[in-house]
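# Descriptive analysis of the structure
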Amino acid sequence: MENTKPKRILSMYQSTGTFTLGNYLGALRNHIGFQNEGYECLYALADLHAITVRQEPANLRKYTLEAYAFLLAMGIDLEKTIFFIQSHVPQHPQLAWILNCYTQFGELSRMTQFKDKAQKHADNINAGLFTYPCLMAADILLYQADFVPVGADQKQHVEIARDIAERFNGLYSPTFTVPEPIIPQHGARVMSLQDPTKKMSKSDGNNNGCISVLDDADTIMRKFKRAITDSEACVRYSEEKPGVKNLMEIYSCITGKTMEEIQREFEGKGYGDFKPAVAEAVIGELRPIQERFQEIMQDKEYLRRCYKENAEKASAIAHRTVAKVMKKVGFLPED
Ligand code: ATP
Ligand code: LTN
């Protein structure tokens, strides 16, 4: 059908550290692909979400700029896609406040990310960490997004955004598009190389369990060689072999090979062959992006222009939603 409006996709990423291989395979690579599949795409760096955990100011600035450059290096096309920084668009906290008042304490208490992070940061269980899903709902609902691609760990947050949207629409009249999550089949959860029962996470720091997308080839090779496996020394896909399963999934994600093909390729070989092969695949995948990243980082003026123009574009859309919401809630118009 020629006249149907393209569906809108939105996703955001916290700028709490350098992206990991988990972010890259589980999210970034798939998400950016949507801009070439006829969707209208919006992406952003969730720096307001980042401060729910204490951040060093200089690091937050550095990681935000690097993340912006990295996604451009991966191929975000600003001719087609809006790519902005959350804190540059004031409608996000503005709508988040309103949505806070339409979200129940009980439903926020059930969020597993809150429970995990509260445990991990027991000295700083702040109100922002608790109401994080309301800000995320605002991110999504401001742009009337149809689809929200996220890793499996964020599904619950998209579901609460749907609940909030439906509640608001029901109380007033249709205001928000009710978004649907898109969860990838493959690479949805890349696990830590040192503890394959835990997801690879950038906030766990640049340790041996975590591959950063900016790691050099030697570092990547070393981390894979040290990856925790098991004593069977056989490349076989099994729930009982979480370390090997994780490596096989990473390898499959990059090479496109199935688990059977990988098992055949390494038949009769041990982890001494398999681990460097996975490392090489990762190195080859990241190298061209790292090269473009270095070039883009040289041109700070270009970067500044891009994020400024894109915040303006995002704000123009977000403003329309906020104006509608404020009218429905009953705020007295300014003019
Ligand atoms: P943090 O450690 O600060 O919580 P994170 O590494 O989990 O951050 P986010 O910025 O919260 O990363 O997530 C960006 C996207 O990457 C989300 O869609 C998330 O689901 C996905 N993602 C994060 N970690 C992984 C992983 N290990 N495997 C697959 N996808 C992941
Ligand atoms: N909470 C998400 C990041 C995020 C997001 C969003 C994702 C913030 N706002 C809106 C999708 C849509 C995370 O931790 N990955």
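Overview of the structure.

Rules behind the numbers
Residues numbered from 1 in each chain as written. Chains lettered and ligands numbered in written order. Predicted model: local features only at pLDDT ≥ 70, side-chain atom pairs only at ≥ 80, totals over all residues. Heavy atoms only, no water. Helix = DSSP H or I, 4+ residues; strand = E, 2+ residues; numbered from the N terminus. Rg over C-alpha atoms; globule rule 2.2 N^0.38 Å. Buried < 20%, exposed > 50% of the residue type's maximum accessible area, 1.4 Å probe, protein only. Contact = heavy atoms within 4.5 Å. Expected span 1.5 Å × (residues − 1). Polar contact = N/O pair within 3.5 Å; in protein donor to acceptor, adjacent residues only side chain to side chain. Phe/Tyr/Trp six-rings, centres within 6.5 Å; stacked < 30°, edge-to-face > 60°. Core = buried A, V, L, I, M, F, W, Y, C linked by side-chain atoms within 4.5 Å. Near = heavy atom within 4 Å. Nonpolar A, V, L, I, M, F, W, Y, C, P; charged D, E, K, R; others polar. Pairing = 2+ DSSP bridges. Right-handed = clockwise from strand over helix to strand, strands pointing away. Axes fitted to C-alpha atoms, helices over the stretch in contact; angles between N-to-C directions. Parallel < 35°, antiparallel > 145°, perpendicular 65-115°, else oblique. Salt bridge = Lys/Arg side-chain N within 4 Å of Asp/Glu carboxyl O.

## Observations concerning the overall build of the protein
- If you tally the helices and strands in the protein, you get 13 helices and five strands.
- Relative to the globule expectation of 20 Å for 335 residues, the C-alpha radius of gyration of the protein, 21 Å, shows essentially globular dimensions.
- With the C-alpha coordinates aligned to their principal axes, the bounding extent of the protein is approximately 75 × 50 × 45 Å.
- When the 335 residues of the protein are sorted by exposure, 52% land in the buried category.
- Restricting to contacts in the protein with at least 6 residues of sequence separation, those with at least 24 account for 75%.

## Side note on helix H13 (residues 300-329)
- Taking 1.5 Å of rise per residue, the 30 residues of H13 would be expected to cover 44 Å, and the 42 Å separating its terminal C-alpha atoms lies within 8% of that figure.
- The set of residues buried in H13 consists of Leu303, Cys306, Tyr307, Asn310, Ala311, Ala314, Ser315, Ile317, Ala318, Thr321, Val322 and Val325.
- Backbone geometry just downstream of H13 places Gly330 in the positive-phi region, at approximately 110 degrees.

## Quick word on the environment of Gln55
- For Gln55, the location among the structural elements is in the loop between helix H2 (47-50) and helix H3 (57-74).
- As a C-alpha pair, Gln55 and Arg320 span 265 residues in sequence and 32 Å in three-dimensional space.
- Looking at Gln55, its side chain comes within polar contact range of the main-chain oxygen of Ala50, at 3.0 Å.

## Concerning the packing of aromatic side chains
- Across all of its chains, the model carries 17 aromatic pairs by this definition.
- Measuring from ring centre to ring centre gives 6.2 Å for Phe19 and Phe70, while their planes differ by 55 degrees; the resulting arrangement is tilted. With Phe19 in the loop between strand E1 (8-13) and helix H1 (21-33) and Phe70 in helix H3, this pair connects stretches of sequence that are 51 residues apart.
- Within the aromatic cluster, the residues linked to one another by ring pairs are Tyr13, Phe19, Phe70 and Phe293.

## What about the nonpolar core?
- Counting 63 residues, the largest nonpolar core has Tyr68, Leu71, Phe224 and Ile250 as the members making the most contacts within it.
- For this core, the element with the highest residue contribution is helix H12 (residues 271-298), accounting for 13 residues.
- The contacts of Phe224, once residues within four sequence positions are left out, are Leu21, Leu193, Ile211, Leu247, Ile250, Lys275, Val278, Ala279 and Val282.
- In this structure, Ala118, Tyr132, Leu142 and Val325 belong to the second largest nonpolar core, which totals 45 residues.

## Some remarks on the site of ligand 2
- Within the structure, ligand 2 sits among 13 residues, and Gln14, Tyr132, Met136, Asp139 and Gln154 are positioned closest to it.
- Here a nitrogen atom of ligand 2 and a side-chain polar atom of Asp139 are 2.6 Å apart.
- One nitrogen or oxygen atom from the side chain of Gln154 is found 2.9 Å from a nitrogen atom belonging to ligand 2.
- Taken together, the elements giving at least two residues each to the shell around ligand 2 come down to E1 and helix H7 (127-141).
- Classifying every residue of the shell around ligand 2 by side-chain character gives eight nonpolar, four polar and one charged.

## So, the pairing of strand E2 (residues 40-45)
- Of all six residues that make up E2, five are buried, and the element is covered over most of its length.
- Both E1 and E2 contribute to a ladder of six bridges, which runs parallel. Paired with Ser11 across the bridge in E2 is Tyr43.
- Read as a crossover between parallel neighbours, the route from E1 over H1 to E2 is right-handed.

## Quick look at unusual backbone geometry
- With a phi angle near 55 degrees, Gln144 is a residue other than glycine that sits in the positive phi range.
- Of note, Gln144 is situated in the loop between H7 and strand E4 (147-149).
- For Gln144, a relative accessible area of 18% gives the class buried.
- Phi at Ala233 is positive, roughly 55 degrees, even though this residue is not glycine.
- Structurally, Ala233 is set in the loop between helix H9 (217-225) and helix H10 (242-255).
- With a relative accessible area of 42%, Ala233 lands in the partly exposed category.

## Section: the packing of H1 against H12
- Where H1 meets H12, the axes come as close as 12 Å, and the angle between the chain directions of the two elements is 70 degrees. Relative to H12, H1 is oriented roughly perpendicular. Across the interface between the two elements, Leu21, Tyr24 and Arg29 from H1 touch Val282, Glu285, Leu286 and Ile289 from H12.
- In terms of residue class, the contact of H1 with H12 is made up of five nonpolar, no polar and two charged.

## Let's talk about the side chain of Thr16
- Inspection of the secondary structure puts Thr16 in the loop between E1 and H1.
- In this view, Thr16 contacts Ala50, Gln55, Tyr63 and Lys202; residues no more than four positions away in its chain are not counted.

## Quick notes on the pattern of salt bridges
- This structure, assessed with the given rule, holds 15 salt bridges.
- A salt bridge links Arg304 to Glu301, with the shortest nitrogen-to-oxygen separation between them at 2.7 Å. Within this pair, Arg304 and its partner Glu301 are both found in helix H13, separated by three residues, close to a single helical turn.
- Residue Glu312 is joined to Lys308 by a salt bridge in which the shortest nitrogen-to-oxygen separation is 3.3 Å. With Glu312 and Lys308 both in helix H13 and four residues apart, this pair spans about one turn of that helix.
- According to the relative accessible area criterion, Lys308 is exposed, its value standing at 51%.

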